[in-house]
Structure formats: C-alpha cells, structure tokens
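# Structural overview for review
Below are the chains, spelled out letter by letter.
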Amino acid sequence: MATPVPSTSPGSPSATKQELSMEEDQSPKTKGAHGDFSLENNFLRNLVDPMTDELERSVAKTNAILDKMSSDLEAERKQRFRKILHPHIPEELQGGGKKEEEVMQLVDQLVFYEEINDGQEEVELNESAQLQDLDETAKLTVTAHSLAAHFTTLEPAALERAASKLDSDCKLWLSRLFRFKNSVPVYHDKRYEGLARICQLALYTKYPKYATEGFEALYSRPPVIYISASAPPGLGQYLCQQLGLPLSCTCTVPCNTHFGASSKMDVAMLEKLIQDDVAAAKTPVLLLAYAGTPIVGHVDNLQRLQEISKANNIWLHVEGHNLATLAMFSVPTSVESATSGDSITLDLSKWLGVPSLPYITLFKDSDQSMTDAAGLTTVDAKLQLKCLPLWMCLQSLGHEGMVNRIKHSCELAKTLFDHLDKLSTVKQISRDRKKRDKEVKNIKDLISKAISALVVFEIVTPTVVFKYAEDVLAPGAVVAPYSTVKMEDDNEDKDSVYFDALNTWLAEALQVSNPNVPIDLVEVDKEGVCIRYSPLETAQVKGTTKEHVEQFVESLKSNLSVLNATTIQRKRFKSIVSNHSNLSLVDLDSWAGLGAVCYIPELYIQKVGELTEKERTDINNLNAELVHKLKAQDTAFSTGHTANGMVCVRFGLITTDTDVDELVSLVYNIGKDVEESSKFLESMSEMIRKGIEEANKELEKENTEKLLHEGVLRQVPVVSSILNWWSPAKEQIKGRTFNLTSGKIIPTTDTYKYHMQLQEDNSSAPASPREVAPPKLPQPETPPKLTQSETLKTAGEVKSQLVSQSAAGASSPTTSPESPKLLQNGGASPIVQDVASKPAVGGASEVSEADAVTS
C-alpha cells in the first residue's frame, strides 16, 4: 500500500529545502547540457526557420494564384451568364458601362483612326482627319451648343422666357441685317428642308381647302413648281417626295442659250411655260430663282422674275451665295431685287466660317393661320433653343464683323478675277472678261472712269469659275453668237475631251501646290470640265489671304506654260510621228499629254488592220517592253491602252525647251532595238526547234536501221553483252553536234579524228618557240555534241582506228609534202588548232574526253 506524500505549498519551508536540494542535485547536469540547448536553438534558427518562412511564402503565393484563378473563373462564369441572359445586347454596351477616360479614348479613335484588316489594325489619318482651327467666335458658338443642351434642365417657366427672348431677338436681327422686312425665320439642319416647308406654305396659300381635303383639293388643277435648270440634279424629285406630289408637278426652266450668261434662267421661256400650264388647267405655285447659281454663280434677272411672279400670283423663293452681300453697306443692284421676293435661304455657317450654325429660311408671313397650318411656327421652347448658337455668334461678331468677313471673301474673288483677265489662255465662265480701260482723253472719260470704279462691285461675283482653253486673243475665224452661219468641225468633240483632260490635270496640280486656296473640279454645260473657287465657302475656314491668292496665280501661270507648250507642239508631234513608218499615232483624247503612239514591227506594217490574236499579243509585248526601257530614261513616258486593247506609248506634258523630234527619235530608236532583239530570239528559237525535230527524225531512222542490221537479240541488255563479246558489232555509233551559227547537225567523226592527230603530232615533234605560226585558214564550224553518252561511245570506238592509223603512219617511210610543215609547226593544222581552241556548246567536255582516250 502506497504511502501518501504530504502536500506542501510552494512557500513552505519544507518545500524550499526540497527545491534547493533538487537544484543542487541537478546543477551539474544542467550546466553540462547548456551548450547542447544553445546548439539546438542555433540549428533551429539558422536552418529550420528559413525553410519554414520560405514554405509559408510559397503557400501564400500558391493561395493567391488559386484565389485569382477562382475569381477569374467566377467573373467568366458571370460573363457567360450575362450573355445567356442578354444575347440581344451589343457587346460594346454590355456590362456596367465605361469610364470617362475610356469613352474619350474611343471618341479619339473614332475621329483620328481608321480600322483596316477587319479591325485588327489601326492606321492614323494625318490629312483627312484634322479639326478646324477655331477663333473666338467659333469657340463661342461650339460652347453655345452645350449651353442649349444644358438649358433644357431649367424650370419650364424660366426655359420658356429665355427661349422666347432668343427667338424674338434672332427674328428681328436677321430681318434687319439682310433687309428682308417683316420676315419670320425657320431653322433647319438639312439644306433644302426649308424650301420644302415653303412649298407646303405656298400650297396652303394657293389651295385654301388643302388643309382639310388634302390631295383632292389639288386634283382639279394640279400645282406646278418651276425650278431653274442650273439647280442641283434631283431637287425636284426631293420636293415631290416631301410634299407627296407626282414628278409631273415640277417644271424645269431652261437657261439662256442664245445670248447672256449660260446658267441664267431664260425669262422668255418661263413666261411661255406659265402660259402653257395655265392653258392646261394647272396652277403655278412656286418659282425657284438663284442669286448665285450653285456652280457658276450667275444671278438671275430677279427684278423681271419678281414682275412675272406678281402678275401670275406665284411664290418667289431665292437662293444663292450672292445673298450674303445683302448684309453689306452697299448692295449690288442685281441682288437687291431679292428683297422683294417672298422667301430666301441663308447659309451663315459657310459665309462667316462658323461651324454648326443652322440653315435659315426667311419668309414673309402674310397669314398667321396658314403659317401655323404649314408647321412653320415653333412653340416648343426646346426647339427654340436651336437659335442660341446663332444668337451668340451675332452678338460676338456684330454687323461690322459680318461685313468684314463677307467683304474679305469678295475681295479675294476680285483679286483672282483681275489676274485672270491678263491670261489669254484662260476662259472665264462665271463672268465675261473685263475689257481694257480706254485711255483718258478728256474730262468726260475721267468722270465715266470714276463712276465705273464706284460701281465695280456691281459686276463682281464671289464665285470664280474658269478653264484652260485655246488662246482667245489669237487671230482666227470669229463668228458672232447671233450669226446664222454654223461652223462645224469634226475634231471639235475630240478637242473638248482633250481640253477636259488638261483642265483635270491643272486642277490636281493646283490643289497639291495651293492647299490654302481650295478649288473644285466641276462640269458646266456647253463648257465641259472647269475649275471653281468660291471664297465665301472656304476663305474663313482655311484662313485664305491675298498673299495666298497671289501664290495661286503664280502657280497657275507656271502650269499654264506647260499646257501651252504641249498644245502648241501637239500638231507638230503628229506630223513628226507620221514620218516614221513604224510609229502609228493613237487617239487618246482623254490623256492629258503630248499624245500616244504604238510601235509596229516591220513584219506587221503592211497588215495592221488584219492582225491575228497572236500578232496583236506580240505587238503588245513589244510596246510594253519599249515603255519599260523608256521609263528608265524619262519618267514622262507611260503605258496606255487603246479602245481595242492595244498597248501604246504615252507622251506626257512637255515644257517650252523640250525637243519633240528628239523624243520621237528616242522612241523610234529604242523600238528598233527591242524589235531586233526580239527577232534574234525568235529566229534562234525557231532554228533550235527545227534542229531538234531533225535530230529526232535521224535518231528514229538510225534506231530502225540498227534494229534491221543487228536484230532483236542485240537489243536485249544481257544477251546483247554476250553477243557483243562473242561477235563485236561492226557498225559504229554516230555522234552529232548542233551548230548554233549555221543551224546544222554535223557528225563528230572529223572532230575527234583531227583532235587525235593533234595529240600524236604533239608527242612526236614539239614546236619551237622561235618559229612563227602559219596564218590561220578559214575555221570550220565546230558544232556542240548532243549528249555526253554519245560522246563517250564515239571516243571509245575511234580509239582503235586512231591507234591503227598512227602505227601504220610510223611504219611507212613516205609522207605527203605537207607533213614536214605540219610537224614543224607542232604537228597540227590551223584548222585543228582552231577546233581545239574554240569548241561549240559542249565542246570543252568533248576535248577532255578525247584527251583521256589518247592518253
């Protein structure tokens, strides 16, 4: 039975003694193990702890990767789930939207970058995507669009008050600025939207029951809208579509044909058309006139048209860039009559160079109820805010600012007109050429000159249209426009096409060299291709100055000198080409250059009109090679194609110091070289083809003879070797060579015989260096061998004959009289020496084989 141990507390005396005794008993052991504990701690600290830390970091990294993979998988799962739920939503709009920076970056890419290769690559546009430099007024106008959108958040009462103020101010200012009193403005974004609304208003005015009965009110007396022939194509169709009318409701009024400007409306013809329509139970409704036609810039006889409109109760609507002069202090008389019309359309955005201003159509409001029925009055405050950019622009510029900009554009046009008056090869389309001032002889002339200087603005139009033509001041037949004599010229159509091509080239050259004076290439009836410059449309945007126009004129003069030189030398060029039988003149009227020719080889000159397809191909290939060689010397030459598909050589534009004879001679000489080289190649190919055919025939003949003489057994590979060993064949295999010079196939027997004789003579009597070699005899043609196998067979068979002949020659004491001479000169005749020294194709291999056989 165990004795219980008495419990003692830590602080009792017995416990203290017991602890001291235990410390004394264990103290030696503890002191001895202290070093072991320190080593173990160092071991754990230096080795185990770094491993543990590294393991912890690795585990943490792995957990981070796993967490990222899990989050990615979760995001991908959510994205797939969204696509399943919203398959109809575009990919760009899916999700919670993009940040402002991302949206602006997309806008930047939309404007300045172009996607190619299915959107995989983007190319920056440096030229076509450039924003306009804005001045203070333009920046203020751009800001106004943002303000108009922001004003829509106002309270209705404040919004209506501000919108009403804006509308009334713009209405008053526009009617005063453009002298169109008691007018109401209509703002629209499309060019002819205002005209369509005005036509609708004219229909309501002419047909009182149109608002209630619709087309039935028009059925008994169909309406007619008169449009000038100089209007843009498709305008009548657009108006009919907007109004729901058939195309028969539009009538095109022709322009002047006998006298006056070519794009002005023919007033007499208009009166006749109106009378015919009235007689046919039709109702004339509206007349569209121009104060500056869209292309040429001519002004119709507005005063006379106004009289006709009032007499027949027709609505007169006027458009054109010349309406901008209504805002000036002095208005031209031809344009001033537009203020007596019923409506006008203004394009202030182009005239003032301010971006994003709306089109404005001013009309005289005679009946408020009709205006409301046509939908020309706006009561919505948000729509009335469209005039806020215009309101701020007019406030910024003021009247003088507007006048200065319009006047600057007109002065640029006048400067260009003054320079064009001095160029005799330029025909002005937009106005007649100004006559030279008469010499002042008395006070009357001085007064008339001063008066004409004051009204000079009367004849100036802000649109300049001109073209390059023949010298109008050159002497020649002049027929008055009213004359009954009609001069016909068969080449007139060709010349017009040619001058159209020249004007196209001139416009492209001027566009490249003068970017600050933008011009357009237009086509005018009865005039063809012309060059148009309208400073009212571009001067403010491009910042064009008088200096830019002066530079434009200098560039025009330099290009005109090239065109003058080309047109003057064109007839001479045709006569020079006709003197060369190999050169055929080609009519390429659309080519802006000196002309075009086609080189005809000597073989095809007599049958040019009866060429086969192969012959046409040969001529085309020759001319293509000719152009390639000409381009290496002068880049003015180029490849052309006629209407029937023939290739020709095109001559470019020339300068005054260009020698036409030298150009034509260059083409002729190079054409001759190309023709001769092609003839040599053709003859060589034909000769080789015939030689191959002849060799094939002889080989077939030899194979047949060999089969007849030797039999069938010698043709079997194994049996033939036994038979040849038992009874060698007596017939020798013939070797042949083909001479490229003569085109003949020659046996190689003589070649190897002479070569073996040369080897024997060299071994018996070496030549003395002091002795002079005899003159060379005519060299025989040394043809090349056909194949290497035939050469080897020939050399092997000749070996036995040559050995026997040399042995017989050595035993015979007598020789021919020429033998000592031949041996004295090296044992070979000059013929053999030439054959050995100048082998034909394959001759080098034949000589080496013969040497091997001899040795």
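Coordinates for the structure precede this section.
Quantities reported herein were computed from a predicted structural model and do not represent experimental measurements.

## Concerning the overall build of the protein
Scanning the protein from terminus to terminus reveals 27 helices and 19 strands. In the protein, which comprises 855 residues, the share counted as buried stands at 35%. Put simply, the protein shows about 52100 Å² of open surface, and 55% of that area lies on carbon and sulfur atoms.

## A short note on the pairing of strand 6 (residues 283–290)
Of all eight residues in strand 6, eight are buried, a share of seventy percent or more. Note that strand 4 (residues 223–228) and strand 6 share five bridges and pair parallel. Paired with Val224 across the two strands is Pro284, which belongs to strand 6. The sheet contact formed by strand 6 and strand 7 (residues 315–319) spans five bridges and is parallel. Its bridge partner being in strand 7, Leu286 is matched across the sheet by Trp315. The handedness of the strand 6 to strand 7 crossover, carried by helix 10 (residues 302–312), is right-handed.

## Section: the packing of helix 3 (residues 136–151) against helix 15 (residues 388–420)
Put simply, helix 3 and helix 15 touch, their axes get as near as 7 Å, and they point 160 degrees apart. One element, helix 3, and the other, helix 15, form an angle in the roughly antiparallel class. As for how helix 3 packs across helix 15, the hand of that crossing is left-handed. Listed contacts from helix 15 to Thr137, Leu140, Thr141, Ala144, His145, Leu147, Ala148 and Phe151 of helix 3 are Leu388, Pro389, Met392, Cys393, Ser396, Leu397 and Arg405. The class makeup of the residues in the contact of helix 3 with helix 15 is 10 nonpolar, four polar and one charged.

## Observations concerning the packing of aromatic side chains
For the structure shown, the criterion picks out seven aromatic pairs. Measuring from ring centre to ring centre gives 6.5 Å for Phe178 and Trp351, while their planes differ by 50 degrees; the resulting arrangement is tilted. With Phe178 in the loop between helix 4 (156–177) and strand 3 (183–188) and Trp351 in helix 12 (residues 348–352), this residue pair connects regions lying 173 residues apart in the sequence. With relative accessibility at 0%, the residue Phe178 sits in the buried group. Since its relative accessible area comes to 1%, Trp351 is described here as buried. Taking 5.9 Å as the distance between ring centres and 80 degrees as the angle between the ring planes, the aromatic pair formed by Tyr498 and Phe499 counts as edge-to-face. Since its relative accessible area comes to 2%, Tyr498 is described here as buried.

## A look at helix 3
Compared with the 22 Å implied by 1.5 Å per residue over 16 residues, the 22 Å span of helix 3 between its first and last C-alpha is a close match. Burial in helix 3 covers these residues: Thr137, Ala138, Thr141, Ala144 and Ala148. Buried-residue contacts for helix 3 involve helix 15.

## Notes on the pairing of strand 17 (residues 647–651)
Two faces make up the sheet, and in a regular strand the side chains alternate between them. Burial analysis of strand 17 places four of its five residues in the buried class, which makes it a mostly covered element. Inspection of the sheet shows strand 15 (residues 595–599) paired to strand 17 by three bridges, in the antiparallel sense. Its bridge partner being in strand 17, Gly595 is matched across the sheet by Phe651. Pairing geometry for strand 16 (residues 638–641) and strand 17, over four bridges, is antiparallel. Following the sheet pairing, His641 is matched in strand 17 by Val647. Between strand 16 and strand 17, which follow one another and run antiparallel, lie five residues, and Gly645 among them has a positive phi close to 90 degrees.

## Focus: the sheet that holds strand 4
Spatial strand order, 3-9-8-7-6-4-5: seven strands in an open sheet with mixed pairing. If you trace the sheet from one side to the other, it starts and ends with strand 3 and strand 5 (250–253), each paired once. Taken over all neighbouring pairs, the strand axes of this sheet differ in orientation by 20 degrees on average, direction set aside. Pairing of strand 4 with strand 5, which is carried by four bridges, proceeds in the parallel orientation. Following the sheet pairing, Ile225 is matched in strand 5 by Thr250. Packed on one face of the sheet, helix 5 (residues 193–206) meets strand 3, strand 4, strand 6, strand 7, strand 8 (343–346) and strand 9 (359–364) and runs near 150 degrees to strand 6. Together, strand 6 and strand 7 form the strand contacts of helix 10, whose direction differs from that of strand 6 by roughly 170 degrees.

## Digging into the pattern of salt bridges
Within this structure, the stated rule accounts for 22 salt bridges. Taking the shortest distance from any N to any O, the salt bridge between Glu54 and Arg57 comes out at 2.6 Å. Residue Glu54 and its partner Arg57 are both found in helix 1 (residues 13–85); the two are separated by three residues, about one turn of the helix. Glu54 sits in the partly exposed class, given a relative accessible area of 45%. The partner of Lys165 in a salt bridge is Asp169, and the shortest N-O contact between them spans 3.4 Å. Of this pair, Lys165 and Asp169 both sit in helix 4, separated by four residues, roughly a single helical turn. What makes Lys165 partly exposed here is its relative accessible area of 48%. Ionic contacts of the salt-bridge type, sharing partners, join the residues Glu271, Arg304 and Glu307 into one network.

## Details of the environment of Glu271
Mapped onto the elements of the fold, Glu271 is located in helix 9 (residues 267–279). For Glu271, a relative accessible area of 25% gives the class partly exposed. Along the sequence, Glu271 and Leu305 sit 34 residues apart, while their C-alpha atoms lie 9.5 Å from each other. Apart from the residues lying within four places of it in its own chain, the contact partners of Glu271 are Arg304 and Ile308.

## Regarding helix 8 (residues 235–243)
Turning to helix 8, its buried residues are Leu235, Gly236, Leu239, Cys240 and Leu243. Looking straight down helix 8, one finds that the buried residues subtend no more than 135 degrees of arc, so they occupy a single side. Its buried side turned inward, helix 8 meets helix 5, helix 6 (210–213), strand 4, strand 5 and strand 6. Phi turns positive, to about 70 degrees, at Gly244, one or two residues after helix 8.

## Points about the environment of Thr504
Its place among the elements puts Thr504 in helix 17 (residues 492–513). With 17 residues separating them along the chain, Thr504 and Leu521 place their C-alpha atoms 7.2 Å apart. Ignoring sequence-local partners within four residues, the contact set of Thr504 consists of Leu521 and Val529.

## Section: the packing of helix 4 against helix 15
The contact between helix 4 and helix 15 brings their axes to 10 Å, and the two run at 30 degrees. Between helix 4 and helix 15, the crossing angle belongs to the class labelled roughly parallel. Between helix 4 and helix 15 the crossing geometry is left-handed. Two secondary-structure elements touch here, helix 4 through Leu166, Asp169, Cys170, Trp173, Leu174 and Leu177 and helix 15 through Leu388, Leu390, Trp391, Leu394, Gln395, His399 and Met402.

Cut-offs used in this document
Residues numbered from 1 in each chain as written. Predicted model: local features only at pLDDT ≥ 70, side-chain atom pairs only at ≥ 80, totals over all residues. Heavy atoms only, no water. Helix = DSSP H or I, 4+ residues; strand = E, 2+ residues; numbered from the N terminus. Buried < 20%, exposed > 50% of the residue type's maximum accessible area, 1.4 Å probe, protein only. Areas by Shrake-Rupley, 256 points an atom, 1.4 Å probe, with all protein chains shown as cover. Pairing = 2+ DSSP bridges. Right-handed = clockwise from strand over helix to strand, strands pointing away. Axes fitted to C-alpha atoms, helices over the stretch in contact; angles between N-to-C directions. Parallel < 35°, antiparallel > 145°, perpendicular 65-115°, else oblique. Left-handed = near helix turned anticlockwise from the far one by under 90°. Contact = heavy atoms within 4.5 Å. Nonpolar A, V, L, I, M, F, W, Y, C, P; charged D, E, K, R; others polar. Phe/Tyr/Trp six-rings, centres within 6.5 Å; stacked < 30°, edge-to-face > 60°. Expected span 1.5 Å × (residues − 1). Salt bridge = Lys/Arg side-chain N within 4 Å of Asp/Glu carboxyl O. Arc of directions from axis to C-beta.

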